[in-house]
Amino acid sequence: MSIAQPADRLIVVAAPFVDWVINVSGYPAKTAVVFHPVIIRRYITRTDVTWSDTTRRTYRSALMRMSEVLVGEVPLEFAPTAPQNTAAPYDDLDLHLLESWATGQSTAARRRSAGVVLALCAGAGLKANELLQVRRRDIVADAEGVLVTVSAGARTVPLLARFETLLLNSIAEVEPEHWVFGSPKRVKHGISTLTTFLYDTDRGNEPGPVTTRMRNTWLITHLIARTDMRALMTAAGVTKFEHLDQLVAHVPALDTDSYRSQLRAEVAR
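What counts, and at which threshold
Residues numbered from 1 in each chain as written. Predicted model: local features only at pLDDT ≥ 70, side-chain atom pairs only at ≥ 80, totals over all residues. Heavy atoms only, no water. Pairing = 2+ DSSP bridges. Helix = DSSP H or I, 4+ residues; strand = E, 2+ residues; numbered from the N terminus. Axes fitted to C-alpha atoms, helices over the stretch in contact; angles between N-to-C directions. Phe/Tyr/Trp six-rings, centres within 6.5 Å; stacked < 30°, edge-to-face > 60°. Buried < 20%, exposed > 50% of the residue type's maximum accessible area, 1.4 Å probe, protein only. Lys NZ or Arg CZ within 6 Å of the ring centre and 35° of its normal. Expected span 1.5 Å × (residues − 1).

Novice: Sorry if this is basic, but what is going on with the sheet that holds strand E2 (residues 145-150) here?
Specialist: By definition, the strands of a sheet pair up through backbone hydrogen bonds, in either a parallel or an antiparallel sense. An order of E1-E2-E3 is seen for the three strands of this open sheet, with the pairing classed as antiparallel. Since the sheet does not close on itself, it has two edges, and those belong to strand E1 (139-142) and strand E3 (155-158), each with one partner. Recorded for the sheet is a direction-independent mean angle of 25 degrees between the axes of neighbouring strands. The pairing of E2 with E3 spans four bridges and is antiparallel. If you follow Leu-147 over to E3, its bridge partner there is Pro-158.

Put into structure tokens, the structure is as follows:
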């Protein structure tokens, strides 16, 4: 059986795919795993890329053909390939389950890292690469709550009250100069370190821990709370909100009276 596509075209598609599967996502370098249709589906439906719908279909077609040759046919239906630029937020039940996930890990080191991921991404809106750069000294608690300094002092973000206890308990034994996630003295800051950790954690029936979903949950929490937009953009570290329409779609609509009242109100200057 052969694949009716030029070899150089297949390499262009397969090389970054294999790199993502093994080096970014941490799966074993076994053909039956790498080219399994489920793995291909996860790759094609990624939300951290800006592929067009046509590109996704092209990649899916090529990779699935390789899968048929290398692994054999495995029945699997794909969801529509339209890009989803914004991961859906977690609801309150999801967050409760993820809190149990974080505190229920089998070792103290895992509990610390899982608690830090959930608290900083869902409680302060940090991106994955920002999370990896936080040291214990960057987190300060006082009478008004917890402040997290992000990206070497670029901004300071107040932590949502819900996650204060989780974060402080998670970092209680961490030295001021040590990283709060992973090995306290680690040298590398690669996203693959975080991805592999999340994949390998002890799991139950809770939703998968995804940092983009956690950050979006934080953003939507503030949109629902009507946080000042300029303050929110400062805390989020952005100058404009991409895909704001998709975020707003998760904010409950106002009833008629509230809609009129808010739009009629005069803003105090």
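Picking up where we left off.
Novice: Can you help me understand the packing of aromatic side chains in this one?
Specialist: Given two aromatic rings, their pairing is described by the distance between the two centres and the angle made by the two planes. Taken as a whole, this structure holds seven aromatic pairs when the rule is applied. Aromatic side chains Phe-17 and Phe-35 sit 5.5 Å apart centroid to centroid with 55 degrees between the ring planes, which places their arrangement in the tilted category. One end of the pair, Phe-17, is in helix H1 (residues 7-24); the other, Phe-35, is in the loop between helix H2 (31-34) and helix H3 (37-44), with 18 residues separating them in the sequence. Each member of the pair Phe-17 and Phe-35 is classed as buried. Geometrically, the ring pair formed by Phe-181 and Phe-197 is edge-to-face, given 5.4 Å between the ring centres and 85 degrees between the ring planes. Of this pair, Phe-181 sits in the loop between helix H8 (164-170) and helix H9 (191-200) while Phe-197 sits in helix H9; the two residues are 16 residues apart in sequence, bridging distant segments of the chain. Take Phe-181: its relative accessible area is 1%, and that puts it in the buried class. Taken together, the aromatic side chains of Phe-17, Trp-20, Phe-35, Tyr-43, Trp-51 and Tyr-59 make up a single cluster linked through ring pairs. Over the ring of Trp-179 we find Arg-135; its NZ or CZ atom is 3.7 Å from the centre of that ring.

Novice: Which parts of the structure should I look at to understand helix H10 (residues 211-224)?
Specialist: Three- or four-residue spacings in an α-helix give side chains the same orientation, since the helix completes a turn every 3.6 residues. Its 14 residues give H10 an end-to-end C-alpha distance of 20 Å, which sits within 8% of 20 Å, the value for a rise of 1.5 Å per residue. Listing the buried residues of H10 in full gives Thr-211, Met-214, Arg-215, Asn-216, Thr-217, Trp-218, Leu-219, Ile-220, His-222 and Leu-223. Immediately beyond the C-terminal end of H10, within one or two residues, lies Arg-226, with a positive phi of roughly 60 degrees.

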